[in-house]
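Spelled out from the first residue to the last, the chains are:
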Amino acid sequence: MQDIQKSFAGVVALADASLTVAPGEVHALIGQNGAGKSTMIKVLTGAYRRDGGSVTFAGGPVEFTSPLAAQQGGIATIYQEVNLIALRTVAENIFLGREPKRWGLIQWPVMNAEANRLLRELGIGLDVTRPLGEFSTAIQQMVALARAVSINARLVIMDEPTSSLNEREVDTLFGVIRGLKERSVSVIFVSHRLDELYAVCDRITVMRDGRTVYAGNMADISRLQLVEQMLGREIKNEGAQTGFVKSGAGKAGEPLLKAEGIRLGQRLTGASVAVRQGEVVGLAGLLGSGRSELARVIFGADMPDAGEVTLDGQPAHFRTPAEAINAGLGFCSEDRKAEGIIPELSVRENLTLALLPRLARAGVVDTVRQSEIVNRFVAQLGIKTSDPDQPIRELSGGNQQKVLLARWLATDPRLLILDEPTRGIDVGAKAEIQRLIGELARGGLGVLMISSELEELIEGCHEVTVLRDGHSVARLSGDGITEPELLHAMAQGLEPQDIPAQVSP
Amino acid sequence: MLNTNLTGDPRRARLLSLLGQYGVLAAFILLIIFGSLRYEGFLSAYNFSTFLRYNAMFGLISLGMCFVIITGGIDLSVGSVVALSSVVAALLSPYGVVVAVLGAVAAGALVGVINGLIITRLNIQPFIVTLATLLGARGVALLLARNQGGVGLDPGNTALTWLGQGDLLRLPVPGVILLIAFVVGGVALRYSPFGRHALAIGGGEDASKLMGLNVGRVLLGVYVLSGALAGLAGMILAAQLGAGQPTEGLGWELSAIAAVVVGGTLLTGGTGSVWSTLVGALLLGLIFNILNFENGKGIISLSPYWQSVIRGGFLLLVVVIQSRTGRRGRA
């Protein structure tokens with residue numbers, strides 16, 4: 001793929017992105033969220049039409065108009081969410097649409113035997129007459145692979161195939177991938193787990209902001225270089241890249257919230273973090289390192305398998321977000337559109353959504369008080385809206401985010417969890433949001449901020465906890481929060497004993 | 001079927017699962033035993049024959065409905081199609097039995113084509129589309145009948161009357177037609193790409209498309225099948241009553257849906273059995289039959305409305321068991 005360009009409604013998603021995969025090669029494709037990986041894959045498989053550039057496959061230019069056409073052309077995609085039919089048998093899922101027939105009727109014995117043979121070649125033995133849904137995600141992915149192999153795919157794209165697999169399943173999958181290599185099937189492997197990339201991939205392409213920023217042999221790039229490429233390493237020493245004005249230091253004293261040794265399946269394997277009053281604590285790490293998962297556990301959205309959460313020194317294992325909210329927690333999720341705003345409702349309604357039970361008297365909303373609160377926050381946070389009754393979808397991303405912040409502030413929380421609070425917001429509004437977060441902390445609020453932006457972490461946080469593969473690998477504070485330290489911790493992590501047990505000055 | 005054994009007592013889950021699979025058949029057999037012990041003449045050739053003659057029509061539309069529901073769709077038009085096709089069969093009866101039968105089936109299939117094309121080409125929900133054709137087909141039936149209560153069959157067409165009232169090898173002809181239809185349907189669902197792809201589409205339409213199945217053609221096929229079978233049922237109705245019945249078939253679509261669900265087919269599609277549907281349809285008919293016998297004994301007098309209540313209760317029971325055994329549809 002050469003010089004691929006793609007824009008959505010004027011927003012550039014891909015600009016001069018390139019990707020070259022040789023036959024029989026396992027190729028890693030990596031990049032932050034929004035770097036353009038999925039857009040790139042969708043252009044390749046025909047789900048999107050490209051605006052410019054060329055795609056060459058198996059020696060000739062190709063122009064797939066749909067994923068189906070790409071599939072028939074020899075490119076199979078295995079999605080994170082397995083795209084097979086759980087209610088049908090394993091054998092059917094492999095042969096749907098190409099069933100062995102005689103006189104128009106399906107020959108079940110032939111189909112089952114053939115399915116069995118295919119799976120055995122991939123090193124899997126199972127009862128192919130059982131419904132696919134009875135097997136684990138790992139097995140379902142293998143079945144998807146078997147289907148791809150049986151339709152003679154030349155290139156298999158795997159989008160984060162290991163995200164829900166355990167170690168043994170990952171090993172099996174890697175065995176299958178090596179098997180594909182031997183048949184000179186190429187594989188594009190999208191994953192955020194660096195260990196896996198080094199274990200199975202030959203070459204790598206790194207994408208950032210819709211461009212290919214690195215392409216080369218896996219063996220030639222160190223983990224640290226890789227993370228630097230991924231995050232972008234434009235050292236800026238002048239500071240003030242962000243809107244944060246650091247308030248000297250966080251307040252010393254007992255932590256407001258403390259989470260220790262949190263475990264949750266494969267995703268969290270001993271994560272710890274602590275937030276004091278008036279302090280902004282950053283939660284850093286690569287995608288898939290367990291940042292959002294940890295936040296969800298603290299907020300009561302998921303139940304941990306093990307670990308301690310305390311609020312003011314008291315155990316605080318919230319079973320539902322409602323309990324967490326009552327205890328004074330707030331949570332701005334990363335996905336503003338899906339989990340935050342209700343687009344058709346007005347700014348007024350969106351802002352007071354979490355507050356309505358308290359605003360209602362005898363089931364009727366006290367609109368006078370509602371207006372009071374709305375006007376106060378619109379002024380205080382500088383929300384730019386023509387009218388509080390304007391639908392929130394008409395507001396810019398930055399202003400939507402402010403409304404969401406106001407929604408939680410109106411509940412008068414003691415601790416606010418912000419998941420990527422400035423993602424997808426233009427530069428000006430970003431600085432404003434960052435300034436606000438700083439002010440809120442100065443006012444005594446504890447803030448736990450998940451962020452992928454190094455500047456934001458370095459300039460905005462009193463303390464940063466770095467997660468890697470589901471556990472805390474470093475805790476940096478004060479002037480110790482530097483780019484090299486952060487990158488180092490994200491890429492390799494420090495040994496547990498190296499975690500500096502320092503308290504903020 | 002996912003996570004069936006993760007919670008609760010596995011033995012209980014197994015029992016519930018067995019109940020879900022064979023419960024309907026067991027209930028059917030139990031009712032027959034109960035009826036044969038309690039009522040004189042219950043097992044008589046006469047009762048058997050009338051029972052099959054009447055319920056064959058429900059069985060046929062339930063079979064079509066089964067295929068539709070397996071794809072995750074619904075066909076509300078079948079009751080009206082029965083009425084329409086009965087009128088068409090009556091109007092065509094002077095031209096011979098072949099013309100009358102083919103005309104009735106073709107009329108039903110035509111409604112199916114309309115349903116299928118609008119659903120697949122315009123991407124409109126089956127519920128709305130078939131609701132519209134339910135109204136439309138009824139209207140056409142009444143128009144064709146010139147607003148009369150019935151359209152008499154040509155008395156000379158004895159072959160057509162035989163299809164509704166006659167016997168073949170001592171079996172009522174409608175029952176024979178029903179049996180043939182279910183054998184063909186059963187083979188189609190198990191062994192034909194059409195049947196398997198219908199199941200696949202119900203299990204995941206997007207995934208099916210990605211796997212290269214011609215989803216539109218299969219969906220069109222199931223609605224045409226459903227319409228054609230309703231047309232066949234309409235022909236039987238006209239033959240049985242000696243007249244086309246533009247006002248008959250009211251609510252039959254709901255009985256058919258009930259039969260399919262009682263037979264264990266998920267309304268969300270993706271799984272289903274033709275044979276369980278047959279048992280489901282016959283079971284619902286049997287409840288009515290038993291109530292008739294019970295009233296005949298003269299000890300109690302249950303109004304026919306009770307059959308509705310009992311059928312409704314049964315439907316609820318089955319759905320509850322389905323959800324308890326984890327046989328819930330995926331969104």
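Residues numbered from 1 in each chain as written. Chains lettered and ligands numbered in written order. Predicted model: local features only at pLDDT ≥ 70, side-chain atom pairs only at ≥ 80, totals over all residues. Heavy atoms only, no water.

Can you walk me through the pairing of strand E10 (residues 155–159) of chain A in this structure?
It is a general feature of regular strands that their side chains alternate between the two faces of the sheet. All names here are of chain A. Counting buried residues in E10 gives four out of five residues, a clear majority hidden from the surface. Note: strand E7 (residues 75–78) against E10, four bridges, orientation parallel. Bridging from a neighbouring strand, Ile78 pairs with Met158 of E10. Alignment of E10 against strand E11 (residues 186–190), held across five bridges, turns out to be parallel. Among the inter-strand pairings, Ile157 is bridged to a residue of E11, identified as Ile188. (Buried < 20%, exposed > 50% of the residue type's maximum accessible area, 1.4 Å probe, protein only. Helix = DSSP H or I, 4+ residues; strand = E, 2+ residues; numbered from the N terminus. Pairing = 2+ DSSP bridges.)

Hey, could you run me through the sheet that holds strand E15 (residues 268–275) of chain A in this one?
In a beta sheet, neighbouring strands are held together by backbone hydrogen bonds and run either parallel or antiparallel to one another. Residue and element names in this part refer to chain A. The strand order E15-E14-E17-E18 describes an open sheet built from four strands, whose pairing is antiparallel. Since the sheet does not close on itself, it has two edges, and those belong to E15 and strand E18 (314–315), each with one partner. Note that strand E14 (residues 257–264) and strand E17 (residues 306–311) share five bridges and pair antiparallel. Following the sheet pairing, Ala259 is matched in E17 by Val309. Lying on the sheet, helix H9 (residues 291–298) is in contact with E14 and E15; it crosses E15 at an angle near 65 degrees. (Contact = heavy atoms within 4.5 Å. Axes fitted to C-alpha atoms, helices over the stretch in contact; angles between N-to-C directions.)

Which parts of the structure should I look at to understand the pattern of salt bridges?
Pairing is possible between side chains of opposite charge, provided their charged atoms come close. Residue and element names in this part refer to chain A. Considering all chains together, one arrives at 19 salt bridges over all chains under this definition. When the shortest N-O distance is used, the salt bridge between Glu92 and Arg88 registers 3.1 Å. Judged by its relative accessible area of 1%, Glu92 falls in the buried class. One network of salt bridges, with partners in common, ties together Arg276, Glu279, Glu463 and Arg475. (Salt bridge = Lys/Arg side-chain N within 4 Å of Asp/Glu carboxyl O.)

Where do I start with the domain arrangement of chain A in this structure?
Interfaces are often described in size by the accessible area the parts lose on coming together. Considered domain by domain, chain A is made up of domain 1 (2–231), domain 2 (235–328 + 413–505) and domain 3 (347–411). The distance between the C-alpha centroids of domain 1 of chain A and domain 3 of chain A comes to 44 Å. (Domains from an automatic or database assignment.)

Would you take a moment to explain the confidence of the model for chain B for this structure?
Caution is warranted with low-pLDDT regions, since their predicted coordinates should not be read in detail. Residue and element names in this part refer to chain B. Overall, the prediction assigns chain B a mean pLDDT of 83, with 90% of residues at 70 or greater. No element of chain B has a lower mean pLDDT than helix H1 (residues 10–38), which averages 75, and none a higher one than helix H10 (residues 215–241), which averages 93. Counting contacts from residues 1–8, a segment whose pLDDT is below 50, to residues more than four positions away or on other chains yields 11 contacts. Within the model, pLDDT remains below 50 along residues 327–331, and this stretch shows 15 contacts once partners closer than five positions in the same chain are excluded. Model confidence for the complex: the whole-complex pTM is 0.71, and ipTM, which rates the interface, is 0.75. (pLDDT = per-residue confidence, 0-100.)

So what exactly am I meant to see when it comes to the interface of chain A and chain B here?
Contacts between the two partners involve 24 residues from chain A, matched on the other side by 24 residues from chain B. Of all residues in chain A, A:Ile85, A:Leu87 and A:Trp108 give up the largest surface area on contact with chain B, accounting jointly for 28% of the area buried on that side. Applying the counting criterion to the chain A and chain B interface returns one salt bridge. Between B:Arg196 and A:Glu92 there is a salt bridge whose closest N-O contact spans 2.8 Å. (Buried area = accessible area lost by both parts, 1.4 Å probe.)

What's the story with helix H4 (residues 108–121) of chain A in this structure? I'm lost.
Two residues of an α-helix separated by three or four positions point the same way, owing to the 3.6 residues in each turn. Under the 1.5 Å per step criterion, the end-to-end length of H4(A) is 20 Å for 14 residues, consistent within 8% with the ideal 20 Å. Along H4(A), the residues classified as buried are A:Trp108, A:Met111, A:Asn112, A:Ala115, A:Leu118 and A:Leu119. In a view along the axis of H4(A), the buried residues occupy a sector of 125 degrees, so they form one face of it. Structural note: H4(A) exposes A:Pro109 and A:Arg120 on the side pointing more than 90 degrees away from its buried face. Where H4(A) is buried, its residues contact helix H3 (90–95), strand E9 (105–106) and helix H5 (137–150) of chain A together with helix H7 (173–191) and helix H8 (193–203) of chain B. Phi turns positive, to about 85 degrees, at A:Gly123, one or two residues after H4(A). (Expected span 1.5 Å × (residues − 1). Arc of directions from axis to C-beta.)

Explain the packing of aromatic side chains to me, please; I cannot follow it from the model alone.
Two descriptors summarise a pair of aromatic rings, namely the distance from one centre to the other and the angle between the planes of the rings. All names here are of chain B. In the structure shown here, the tally under the stated rule is 11 aromatic pairs over all chains. Judged by centre distance (5.4 Å) and plane angle (70 degrees), the rings of Phe42 and Phe293 are edge-to-face. Here Phe42, found in the loop between H1 and helix H2 (45–70), pairs with Phe293, found in helix H12 (residues 274–297); they are 251 residues apart in sequence, far enough to count as distant. Its relative accessible area of 6% is what places Phe42 among the buried residues. For the ring pair Phe67 and Phe194, a centre distance of 6.0 Å and an interplane angle of 20 degrees mean the geometry is stacked. Remark: Phe194 occurs in helix H8 and Phe67 occurs in helix H2; sequence separation between them is 127 residues. You can call Phe67 buried: its relative accessible area is 1%. (Phe/Tyr/Trp six-rings, centres within 6.5 Å; stacked < 30°, edge-to-face > 60°.)

In this structure, what is going on with the pairing of strand E16 (residues 280–284) of chain A? I would like to understand it.
All names here are of chain A. The buried fraction of E16 amounts to five of the five residues, a majority that puts the element mostly inside the structure. Residues of E16 alternate between two faces, with Val280, Gly282 and Ala284 on one and Val281 and Leu283 on the opposite face, all of them buried. Of the strand pairs in this sheet, E16 and strand E23 (residues 446–450) are connected by four bridges, and their pairing is parallel. Considered in E23, the bridge of Val280 is made with Val447. Two strands pair when backbone bridges link them, and E16 and strand E24 (residues 463–468) are joined in this way by four bridges, in the parallel orientation. Bridge pairing in E24 links Gly282 to Val464.

Honestly, the sheet that holds E23(A) in this entry has me stumped. Any pointers?
All names here are of chain A. Read from one edge of the open sheet, six strands run E19-E22-E23-E16-E24-E25, paired in mixed fashion. Of all the strands in the sheet, the pair left with one neighbour each is strand E19 (329–332) and strand E25 (471–477). Each neighbouring strand pair of the sheet contributes to a mean axis angle of 20 degrees, computed without reference to strand direction. Here H9 sits on the sheet in contact with E16, E19, strand E22 (415–419), E23 and E24, set at roughly 145 degrees to E23.

What is the right way to look at a nonpolar patch on the surface in this model?
A contiguous nonpolar patch, built from A:Leu105, B:Leu179, B:Val183, B:Val187, B:Tyr191 and B:Trp275 and spanning about 510 Å² of accessible area, is present on the exposed surface. At four residues, the largest contribution of residues to the nonpolar patch is made by H7(B). Tracing the backbone shows A:Leu105 in strand E9. (Patch = residues over 30% accessible without salt bridge, like charges linked within 9 Å, V, L, I, M, F, W, Y side chains within 5 Å. Areas by Shrake-Rupley, 256 points an atom, 1.4 Å probe, with all protein chains shown as cover.)

I'm lost on unusual backbone geometry in this one. Help?
Working note: non-glycine residues mostly have negative phi, and peptide bonds are mostly trans. Backbone geometry at A:Asp312 places phi at a positive 55 degrees, although glycine is not the residue there. Inspection of the secondary structure assignment puts A:Asp312 in the loop between E17 and E18. You can call A:Asp312 partly exposed: its relative accessible area is 42%. Of note in the backbone geometry, B:Arg170 takes a positive phi value of approximately 65 degrees without being a glycine. For B:Arg170, the position within the fold is in the loop between strand E2 (167–168) and strand E3 (171–172).

When you look at the nonpolar core in this model, what are you seeing that I'm missing?
Side chains of nonpolar character tend, in soluble globular proteins, to be buried together. Core analysis: the biggest nonpolar cluster contains 138 residues, and A:Ile204 and A:Val466 have the highest contact counts within it. If you tally residues by element for this core, the top one is H5(A), at eight residues. Non-local contacts of A:Ile204, meaning those with residues more than four positions away in its chain, are made with A:His27, A:Ala28, A:Ile30, A:Leu197, A:Tyr214, A:Ala215, A:Gly216, A:Asn217, A:Met218, A:Ile221 and A:Leu226. Counting residues in each nonpolar core, the second largest holds 88 residues, with B:Val24, B:Ala145, B:Val151 and B:Leu160 among its members. (Core = buried A, V, L, I, M, F, W, Y, C linked by side-chain atoms within 4.5 Å.)

It is not clear to me how empty space enclosed by the protein should be interpreted in this structure. Could you clarify?
Unfilled space is identified by rolling a water-sized probe across the atoms. All names here are of chain A. Summed over all chains, the structure comprises six cavities of 30 Å³ or more. Contributing elements (two or more residues each) for the lining of the largest cavity: helix H2 (67–72), E7 and H5. It is E7 that contributes the most residues to the lining of the largest cavity, four residues altogether. Grouping the constituent residues of the lining of the largest cavity by class yields 13 nonpolar, four polar and one charged. In this model, the second largest cavity occupies a volume close to 90 Å³. As for the second largest cavity, its lining consists of His192, Arg193, Leu194, Asp195, Leu286, Leu287, Gly288, Ser289, Arg468, Asp469, Met490 and Ala491. Secondary-structure elements contributing two or more residues to the lining of the second largest cavity are helix H7 (194–200) and helix H18 (483–491). Of the residues in the lining of the second largest cavity, the class split is five nonpolar, three polar and four charged. (1 Å grid on protein atoms, 1.4 Å probe; cavity = no way out; pocket = protein on both sides within 12 Å on 5 of 7 lines; lining within 4 Å. Points joined across faces, edges and corners; volume = space filled by probe spheres on them. Nonpolar A, V, L, I, M, F, W, Y, C, P; charged D, E, K, R; others polar.)

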